[in-house]
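# Examination of the molecular architecture
One-letter residues, chain by chain:
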Amino acid sequence: MNQTFNIVRFGRTLRWLYTYEYRKVLNLFLLATVVFAVYQVNEMYHKIQYEMFCGVPIPQRNILSMLLQVSNISLFFLTFLMCFGATFAFSTLHRRHAGRQLLMLPASNVEKFMALWLIYVPLLFVVLILAFFVGDLLRMIILPLLTENGDQPSAIPYFFSNMWGWIGGQHVGINMRPVIIQAWALIFVIHSLCLLSSVVAGNVGWLLSALTVYGCAYFFIDSYGHYAWQVPLLITLTIVFLLFTYRLFCRFPLFPSLYSFRFHGI
């Protein structure tokens, strides 16, 4: 197959792959909805119960504090779910029949790779945002049934405000911007590692990436942010992981799975 990029052929490839990957994306949406809803209900319920136990009305500043905390932790869950979802991006390769169909698609490797990347990165991001909306709505429905002060406003505006602060750094001081850059560098390298793990390990890519991150964290966590070379190193590793992911994707038939030792020619 010609390795050039054709937009019409890419559109057909994207449609076919989305039809096949739809079930996994839907399962990730349902999982994220449950995670967001359970966390929000549990967190706000216990805080409201504590305020009621103290016997004082819940002041407006405490409500604002609750919503800010919920939105901040939800952003952490969003980041985690993005990385977790990335571990399934290329798992189709490891399914016997679907993997053969993917390899035999009348499209270039670039088109197939980009189609799966679009489904499990930008599209998944939008799907997880929608899951937060649904989880917040469920919290607004369920919480009033559990406690008399459960009728609290939506956390969606605070969620987007905090997200924009992390993306653009407008809501933080100058001293905090290096911390945000360090956090983004760490997120990028973990996400690229998850994509690589998906090609190498298939459906157990989440386990491979989790073990790798856990193993590296012990040696890295105490010193992270103390040296100027760490952020450039992580960005370089991110690029290397992405290039290696594409390289392995193109050479996949040479290694059927992580547990096979036929890695010839890579």
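Residues numbered from 1 in each chain as written. Predicted model: local features only at pLDDT ≥ 70, side-chain atom pairs only at ≥ 80, totals over all residues. Heavy atoms only, no water.

## Focus: the state of the cysteines
Tallied over the entire structure, the rule returns zero disulfides. We note that C83 lacks a disulfide partner, and the nearest cysteine sulfur, in C194, lies 4.7 Å from it. Owing to a relative accessible area of 10%, C83 belongs among the buried residues under this scheme. (Disulfide = S-S within 2.5 Å. Buried < 20%, exposed > 50% of the residue type's maximum accessible area, 1.4 Å probe, protein only.)

## Quick look at the packing of aromatic side chains
Scanning all chains against the criterion turns up 15 aromatic pairs. For the pair F76 and F77, a centre-to-centre distance of 6.0 Å together with 55° between the ring planes defines the contact as tilted. Among the residues examined, F76 registers a relative accessible area of 55% and is labelled exposed. Each member of the aromatic cluster is reached from another via a ring pair, and the members are F36, F132, F133, F159 and F160. (Phe/Tyr/Trp six-rings, centres within 6.5 Å; stacked < 30°, edge-to-face > 60°.)

## Here we look at helix α3 (residues 96-104)
Taken as a whole, α3 has its buried residues at A98, G99 and L102. What you see down the axis of α3 is that its buried residues fit within an arc of 100°, all on one side. Opposite the packed face of α3, turned more than 90 degrees from it, sit the exposed residues R96, H97, R100 and M104. (Helix = DSSP H or I, 4+ residues; strand = E, 2+ residues; numbered from the N terminus. Arc of directions from axis to C-beta.)

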